[in-house]
Amino acid sequence: MNTELYVKNLTGKFSAAANQKKSLQMSKYMKNLFDYYGIQAPLRREISRRFIREEGIPEKNELNNVIEKLWSVPQRECQYFGMELAARYIKKTERKDIEIFQWMILHKSWWDTVDFIAVNLVGNYFLQFPEKSYPLMEKWLSSKNIWLQRSTLIFQLKYKNNTDRDLLTNQILALKDHKVFFIKKAIGWALREYSKTNPEWVKEFVEQTELSPLSKREALKRLNPG
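Residues numbered from 1 in each chain as written. Predicted model: local features only at pLDDT ≥ 70, side-chain atom pairs only at ≥ 80, totals over all residues. Heavy atoms only, no water.

## Points about the overall build of the protein
Looking only at helices and strands, the protein has 13 helices and zero strands in total. Written out in order from the N terminus, the α and β elements of the protein read α-α-α-α-α-α-α-α-α-α-α-α-α. Its C-alpha atoms give the protein a radius of gyration of 19 Å, near enough to 17 Å, the size a compact globule of 226 residues would have. Across its three principal axes, the protein shows a C-alpha extent of roughly 55 × 40 × 30 Å. The buried share among the 226 residues of the protein stands at 50%. (Helix = DSSP H or I, 4+ residues; strand = E, 2+ residues; numbered from the N terminus. Rg over C-alpha atoms; globule rule 2.2 N^0.38 Å. Buried < 20%, exposed > 50% of the residue type's maximum accessible area, 1.4 Å probe, protein only.)

## Some points on helix α2 (residues 20–29)
For an α-helix, 3.6 residues make a turn, and residues three or four places apart therefore share a direction. Where α2 is concerned, the buried positions are S23, M26 and S27. Angularly, the buried residues of α2 cover 100° about the axis, an arc narrow enough to put them on a single face. In α2, the exposed positions that point more than 90 degrees away from the buried face belong to K21, L24, K28 and Y29. Contacts made by the buried residues of α2 are with α5 (76–87). A distance of 3.1 Å separates the backbone nitrogen of K21 from a side-chain oxygen at the start of α2, and that oxygen is part of N19. (Arc of directions from axis to C-beta. Contact = heavy atoms within 4.5 Å. Polar contact = N/O pair within 3.5 Å; in protein donor to acceptor, adjacent residues only side chain to side chain.)

## Details of the pattern of salt bridges
Summed over all chains, the structure comprises 17 salt bridges. Across the pair E218 and K185 runs a salt bridge whose closest N-O atoms are separated by 3.1 Å. With E218 in helix α13 (residues 213–219) and K185 in helix α11 (residues 181–195), the pair connects residues that are 33 residues apart, well separated along the chain. For E218, a relative accessible area of 5% gives the class buried. (Salt bridge = Lys/Arg side-chain N within 4 Å of Asp/Glu carboxyl O.)

## A closer look at the environment of E210
Locating E210 in the fold gives a position in the loop between α12 (199–208) and α13. Measuring from C-alpha to C-alpha, the distance between E210 and D177 comes to 8.7 Å, with 33 residues separating the pair along the chain.

## Here we look at the packing of aromatic side chains
This structure, assessed with the given rule, holds 16 aromatic pairs. Here W110 and W147 contribute two aromatic rings whose centre-to-centre distance is 5.6 Å and whose plane-to-plane angle is 55°, an arrangement assigned as tilted. Residue W110 is located in the loop between α6 (97–106) and α7 (111–128), and its partner W147 is located in helix α9 (residues 146–154); the two are separated by 37 residues in the primary sequence. Each member of the pair, W110 as well as W147, is classed as buried. Ring centres of Y194 and W201 lie 5.6 Å apart, and the angle between their planes is 75°; this geometry places the pair in the edge-to-face category. Since its relative accessible area comes to 19%, W201 is described here as buried. (Phe/Tyr/Trp six-rings, centres within 6.5 Å; stacked < 30°, edge-to-face > 60°.)

## Observations concerning the nonpolar core
Of all hydrophobic cores here, the largest spans 48 residues; its most connected members are F81, F101, M104, I117, V122 and F126. Mapped by element, the contributors of at least two residues to this core are α1 (3–16), α3 (41–55), α4 (63–71), α5, α6, α7, α8 (133–141) and α9. With sequence-adjacent residues up to four places away left out, V122 is seen in contact with I98, F101, I105, I117, W140 and F155. Counting residues in each nonpolar core, the second largest holds 22 residues, with I154, A186, Y194 and V202 among its members. (Core = buried A, V, L, I, M, F, W, Y, C linked by side-chain atoms within 4.5 Å.)

## A short note on the side chain of Q149
Summarising the element assignment, Q149 is placed in helix α9. Not counting chain neighbours up to four residues away, the residues in contact with Q149 comprise W140, L141, S143, K144, L175, H178 and I183.

## Remarks on the packing of α4 against α6
At a minimum axis separation of 11 Å, α4 and α6 run at an interaxial angle of 0°. The angle between the axes of α4 and α6 places the two elements in the roughly parallel class. Residue-level contacts link N64, I67, E68 and W71 of α4 to I100, W103 and M104 of α6. Broken down by class, the residue content of the contact of α4 with α6 amounts to five nonpolar, one polar and one charged. (Axes fitted to C-alpha atoms, helices over the stretch in contact; angles between N-to-C directions. Parallel < 35°, antiparallel > 145°, perpendicular 65-115°, else oblique. Nonpolar A, V, L, I, M, F, W, Y, C, P; charged D, E, K, R; others polar.)

Put into C-alpha cells, the structure is as follows:
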C-alpha cells in the first residue's frame, strides 16, 4: 500500500466535508490544542466507512506506518480515524503492538484519544497477554506521564468480572493524591464502572480509602444517585 496516497485520499474526503464554523467550535472545546475539519462524529464515521469500503484497510504490517502518518496530520479527525482503524485489528493483536499503542498515547495526547486507546486497544491487549500487564503498568505508573498513568487506571473499564482488583487497587493507591484533574477523574470513573459489577466492593473501598472529593463523587455516582 502507498501510505502517503492512502492518507492523502482520506484527508481529501474529510476536506470535502469540512465545516469552518464547527471546526472553530470543536477546536475551542478542546482548548485549541488541535485543528479540526469540523466534522461531527456521526458524519465522520460514515465518511470513514465509505472510505474503507472504497480503499480497503492496510495490511497488518503496514498499520504502524499508516497510524504515524495519520498522527502527523494537523486535523484531529485523522487521529480518530487512526485509532478506530487500529481497533479493526483486535483479533490480530501481537505482543509487539503495545509499542504502537504506547506511542499513540504519548503523541498528541488528550483525553479524547487516550481514553479510546486505553480502553479499547490496551484493554484488549492485556486480556490477550495478561502476563505483560503488571510490569508494564508499573512502568507506566512511575513514568510521571499523566496520560500513561490515566491509562493504567482505565484500561480495565470493560473487564467487568475479569477486573484485576489487586492491580486496580495498586494503581489507585499510587495515584490517589495526584493533583491533576484527569487522574482524579479517572480514579472515580474506574471505580464507578466497576460498581456496575461489584457495588459492595466499591462502596467498601471508597469508605476505607482517602480519595479526593472528585474521585469519591465520581466513584459513587451509581451507588448514590442524585
